[in-house]
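# Structural characterization, general
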Amino acid sequence: MDYVMIENTFTNTVEEVSKAAGWTVDRKIILAIASTFVASGKTFDTAKYKSVLQEMKKQSSWMSPLRSTVGYSIAANLMEQENVEKAVKDLLTNVSILRDAKFRSGNFSYIGAQFLTEDEKDKKAHAQAARSLFDAIRKHHPFLTSYEDIPYAVLLSSSNDDGELRAETMNRYYKELRTYNFNAGNELQWLSQVLTFLSPQFDGQLVPNVVMLRDTLKKQNIKVRAMHYPLLGFLAILNLNKTQLQDIIDLHHELKDLKLLKWHREFVLFMAVQISIYDMAKVQKSLSMTIMSSIELLIQAQQAAMMAAVSAAAIASSSSSS
């Protein structure tokens, strides 16, 4: 990887996103958006981004989450669509479908709405499957499961999915990870959910993989916080070899010295993983066919996890300061 090019591109993209979004937007959101564009190798289109924000404002009420912190990250995702008006309309339709499935409307239902199937005939069935999975997860963790789990419930479900089995497997991963000194909480629940990405069936190798990843990162002076737990899940699914993992570690150590990230060091691991997954997808370095067939969705899921974590932190920050 060309570290200098990555650093220069990231610095320039952060400046462009910051100008387009405005100074009131939480810095974490700015960094997350910039990271996504740098990782994918796509150029941030300021005019397109502003047009999406304007269209979201046009189609939503002044109390809508689209006008809050989370709206700025959603706008970045909608830039891929040619017809901005239709993209925003479709998102709002998805939110409505999730609401009909008894999901609480709010920041995280809007994030989850992005992962509802594009098949018009299957949207309602997908939403109902997501609700069933959400309820099944809540049976195992009634006090832990909340609206923050909506994005993963939508992302990991389908109309022909066995939600009960997936929830049982999640709970099994959760309990097993606890025996390895992972902190109980939302982040560990998200990690247990991510581990079912490829299959609702329990895989006895995934927990040892997660533990190995955490311990290896710590040994190489990378601080693994609870907010990074879902990242460990994505890396465990990828079943990285030593060279691939070392590439992520090396990139992390390069990025952490960036002046832009001086006060946001917890964000560096997200960025290093995101860039590395894209890089692996491009060159297909010893990735299994199963992983390659899912790599685009995996990248989207990792982006969603990063945005959800960053949005949650930004929302919590804005709530505590208001």
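Residues numbered from 1 in each chain as written. Predicted model: local features only at pLDDT ≥ 70, side-chain atom pairs only at ≥ 80, totals over all residues. Heavy atoms only, no water.

## Description of the nonpolar core
By size, the foremost hydrophobic cluster in this structure holds 104 residues, and its most contacted members are Phe10, Tyr49, Phe182, Leu255 and Leu261. Sequence-distant contacts of Tyr49, that is, excluding residues within four places in its chain, are made with Ala20, Ala21, Ile33, Phe44, Tyr72, Ala75, Ala76 and Met79. (Core = buried A, V, L, I, M, F, W, Y, C linked by side-chain atoms within 4.5 Å. Buried < 20%, exposed > 50% of the residue type's maximum accessible area, 1.4 Å probe, protein only. Contact = heavy atoms within 4.5 Å.)

## Some points on the packing of aromatic side chains
Per the counting criterion, the structure on display carries eight aromatic pairs. Note on Phe44 and Tyr49: the rings are 5.2 Å apart at their centroids and 55° apart in plane angle, and the pair reads as tilted. Take Phe44: its relative accessible area is 6%, and that puts it in the buried class. You can call Tyr49 buried: its relative accessible area is 0%. Taken together, the aromatic side chains of Phe37, Phe44 and Tyr49 make up a single cluster linked through ring pairs. A cation over an aromatic ring shows up here: Arg214 above the ring of Phe182, its NZ or CZ 4.3 Å from the ring centre. (Phe/Tyr/Trp six-rings, centres within 6.5 Å; stacked < 30°, edge-to-face > 60°. Lys NZ or Arg CZ within 6 Å of the ring centre and 35° of its normal.)

## Brief notes about the packing of helix α3 (residues 46-59) against helix α4 (residues 69-78)
Two numbers describe a pair of packed helices, the interaxial angle and the distance between the axes. Running from amino to carboxyl end, α3 crosses α4 at an angle of 120°, the nearest separation of the two axes being 9 Å. When the axis of α3 is compared with that of α4, the two are oblique. Considering the relative orientation of α3 and α4, their crossing is right-handed. Contact residues: Tyr49, Val52, Leu53 and Met56 in α3; Gly71, Tyr72, Ala75, Ala76 and Leu78 in α4. Split by residue class, the contact of α3 with α4 holds eight nonpolar, one polar and no charged. (Axes fitted to C-alpha atoms, helices over the stretch in contact; angles between N-to-C directions. Helix = DSSP H or I, 4+ residues; strand = E, 2+ residues; numbered from the N terminus. Parallel < 35°, antiparallel > 145°, perpendicular 65-115°, else oblique. Left-handed = near helix turned anticlockwise from the far one by under 90°. Nonpolar A, V, L, I, M, F, W, Y, C, P; charged D, E, K, R; others polar.)

## Some remarks on the pattern of salt bridges
According to the stated counting rule, one finds eight salt bridges in the structure shown. The closest approach of N and O atoms between Arg131 and Asp135, which form a salt bridge, is 2.9 Å. Taken as a pair, Arg131 and Asp135 lie in helix α7 (residues 123-140) at a separation of four residues, close to a single helical turn. The salt bridge involving Arg138 is made with Asp135; its shortest N-O contact spans 3.4 Å. In this pair, Arg138 and Asp135 are both assigned in helix α7, three residues apart and thus about one turn of the helix distant. (Salt bridge = Lys/Arg side-chain N within 4 Å of Asp/Glu carboxyl O.)

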